[in-house]
Amino acid sequence: MTTNQTIQAMQTIVLPLFNTVNQVENSDNSDVHMLLLRLALVTVIAALGIRQLEPFLKHLQVYQVARAQFLRPFTVATDGVIWPRYTNQLGNNLFQYAYARLRARYLGLKFSAGPLNQDVFHQDVAKLSKHSDPQAVENSNPFAKAVPFEALDTYADYSKIHTSPEKSPPEPSQLLRKKNAFLATTPNAFAQKYQYYKDDADLIRTWMCPSLDLHVKEVAKAIALGVSRDDTLVIHLRFAGAVEGWFADPTYHELPLRFYTDVVTRHGKCARAILVHDPKSKESALDIASALEAKFPGIEIIKQCASRCEDFMVMYKAKHLALSVSTFAWWAGFLGVKSKSTVFYPRHAKVAWWNPRRLKTWYNHLMPEDAVFVPVEYTTAPTRSGEAAVVKEQMDHLDQLAAVN
């Protein structure tokens, strides 16, 4: 298949299928239709030839998600070095880094980080490493553009702390238990279950610590914003559909308005809410702000929309944080746990095993066990009662706005 034929196939077959998937997902009783459409989509892509479409598909998160189910988050080179297998975006890449490095540590092997998945986070490392320009050499760091994580170790040699089995002393039972439990795990390429990391949480926090010393201005801005105040709640908003369109990962989703009103209520003394959001989702963030102002008269709403580094520092330094279904926000909560009194964690209500929307409950498995993490339940289940509740909530919201105006 030629390049022109590939492009034409994408325009005439695959793109309309994606559009149909999006339309059906928003309609009533969509579960069976969604499953059939996604199967049709996978079949069409396979028929067109994965290799021919790879330059396009690597930017398509639904493809990355499907592909990840059949892969592991690491590879082992012929020389025994363990490398992470990166897929999707920065928050996902950090899990793949952590899992691969833990595996190297437990097996006593060498670890190499390699370049991140997305082109935006790295340049041609091989080409840059041969360059005489110091700045070019610095950029050869695979995390150079992944602020605020550009100082992550790119290499670790755990073979030096392991001697031959005949000469090494017996491992303590607790360490052996941890080692065996970890090596028995068989994650997909995302490796996003807290059970993989709970025994090594403190160690991972030392590995993944953001580069605060390199981003003094961003840290200062977060502190000046008052994120450490007890009456302030930092809320991360993620609107994948608004930002990424049909490129978005289908297992991600927007949280219902009730989640945000619940966390403000459960905070108990929230006078200020800082909404952290993407530049492309300003209108959606404004809707949430208007709803909170209507529900909680007198609350001060501050919209935070800056660089990735500054937004991360606002969440990292927050005393009270409400997460979205986002791995990037998850790392801010997990790594910044010492500065936090409360992290409100979105936990999807249980979904039947046969329901395709069960795929949207994956974030439940990532909830840390630290006491500051407080689960807040919500649902996206398309039941009649659920739909009625959503309609009632929207009508109440409109009535509140009308009363204010």
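A quick note: this is a predicted structure, and the numbers were derived from the prediction, not measured.

**Q** Any chance you could explain the environment of Cys 305 here in plain terms?
**A** The topology assignment puts Cys 305 in the loop between β7 (300–304) and α14 (308–317). The spacing of Cys 305 and His 277 is 28 residues in sequence and 5.5 Å in space, taken between C-alpha atoms. Beyond its immediate sequence surroundings of up to four residues, Cys 305 is in contact with His 277, Asp 278, Pro 279, Lys 282 and Asp 311.

**Q** Can you help me understand the pairing of strand β5 (residues 232–236) in this one?
**A** When a strand is regular, its side chains alternate between the sheet's two faces. Buried residues dominate β5, accounting for five of its five residues. Every second residue of β5 is oriented toward a common face, with Thr 232, Val 234 and His 236 on one face and Leu 233 and Ile 235 on the other, all of them buried. Pairing analysis gives five bridges linking β5 to strand β6 (residues 272–276), with the strands arranged parallel. Residue pairing in the sheet places Thr 232 in a bridge with Arg 272 of β6. Bridging between β5 and strand β8 (residues 320–322) involves two bridges; their strand directions are parallel. In the strand pairing of β8, Val 234 is matched with Leu 321.

**Q** Quick question: what am I supposed to make of the packing of aromatic side chains here?
**A** This structure, assessed with the given rule, holds 22 aromatic pairs. Judged by centre distance (5.2 Å) and plane angle (70°), the ring pair of Tyr 252 and Trp 362 falls under edge-to-face. Taken together, the positions of Tyr 252 in the loop between α11 (240–244) and α12 (257–267) and Trp 362 in the loop between β9 (342–348) and β10 (373–378) put the pair 110 residues apart, joining distant regions of the chain. Accessibility assignment for this pair places Tyr 252 and Trp 362 in one class, buried. When the ring of Tyr 345 is compared with that of Phe 373, the centres are 6.4 Å apart and the planes differ by 65°; the resulting orientation is edge-to-face. On the criterion of sequence distance, the pair formed by Tyr 345 in strand β9 and Phe 373 in strand β10 is long-range, its members being 28 residues apart. An identical accessibility class is assigned to Tyr 345 and Phe 373; each is buried. Put simply, the rings of Phe 74, Phe 95, Tyr 99, Tyr 106, Phe 182, Tyr 194, Tyr 196, Tyr 197, Trp 330, Trp 331 and Phe 334 touch in pairs and so form one group of aromatic residues. Note that Arg 205 overlies the ring of Phe 334, its terminal NZ or CZ placed 4.0 Å from the centroid.

**Q** I'm lost on the side chain of Thr 342 in this one. Help?
**A** By the secondary structure assignment, Thr 342 is in strand β9. Here His 320 takes part through its side chain, which lies 3.2 Å from a polar atom of the side chain of Thr 342. Thr 342 has contacts with Lys 319, His 320, Leu 321, Val 372 and Val 374, leaving out every residue within four places of it along the chain.

**Q** How do you make sense of the sheet that holds β8 when you look at a structure like this?
**A** Pairing between sheet strands relies on hydrogen bonds along the backbone, with the strands arranged either parallel or antiparallel. Spatially, six strands are ordered β7-β6-β5-β8-β9-β10 in an open sheet, and the strand pairing comes out parallel. What marks the edges here is a single partner per strand, and that holds for β7 and β10. Each adjacent strand pair in this sheet contributes to an overall mean axis angle of 25°, direction not counted. Here β6 runs beside β7; their pairing, made up of five bridges, is parallel. Bridge assignment links Leu 275 to a residue of β7, and that residue is Lys 303. Strands in contact with α12 are β5, β8, β9 and β10; relative to β5, the strand with the most contacts, it is inclined by about 160°.

**Q** Help me understand the packing of α14 against helix α15 (residues 327–335) in this model?
**A** The relative placement of two packed helices comes down to the angle between their axes together with the axis-to-axis distance. Remark: α14 packs on α15, axes separated minimally by 8 Å, with the N-to-C direction vectors making an angle of 45°. In terms of orientation, α14 lies oblique with respect to α15. Two packed elements cross with a definite hand, and for α14 against α15 that hand is right-handed. On α15, the residues that touch Arg 308, Phe 312, Met 315 and Tyr 316 of α14 are Phe 328, Ala 329, Trp 331, Ala 332 and Leu 335. Considering only residue class, the contact of α14 with α15 consists of eight nonpolar, no polar and one charged.

What counts as what
Residues numbered from 1 in each chain as written. Predicted model: local features only at pLDDT ≥ 70, side-chain atom pairs only at ≥ 80, totals over all residues. Heavy atoms only, no water. Helix = DSSP H or I, 4+ residues; strand = E, 2+ residues; numbered from the N terminus. Contact = heavy atoms within 4.5 Å. Buried < 20%, exposed > 50% of the residue type's maximum accessible area, 1.4 Å probe, protein only. Pairing = 2+ DSSP bridges. Phe/Tyr/Trp six-rings, centres within 6.5 Å; stacked < 30°, edge-to-face > 60°. Lys NZ or Arg CZ within 6 Å of the ring centre and 35° of its normal. Polar contact = N/O pair within 3.5 Å; in protein donor to acceptor, adjacent residues only side chain to side chain. Axes fitted to C-alpha atoms, helices over the stretch in contact; angles between N-to-C directions. Parallel < 35°, antiparallel > 145°, perpendicular 65-115°, else oblique. Left-handed = near helix turned anticlockwise from the far one by under 90°. Nonpolar A, V, L, I, M, F, W, Y, C, P; charged D, E, K, R; others polar.

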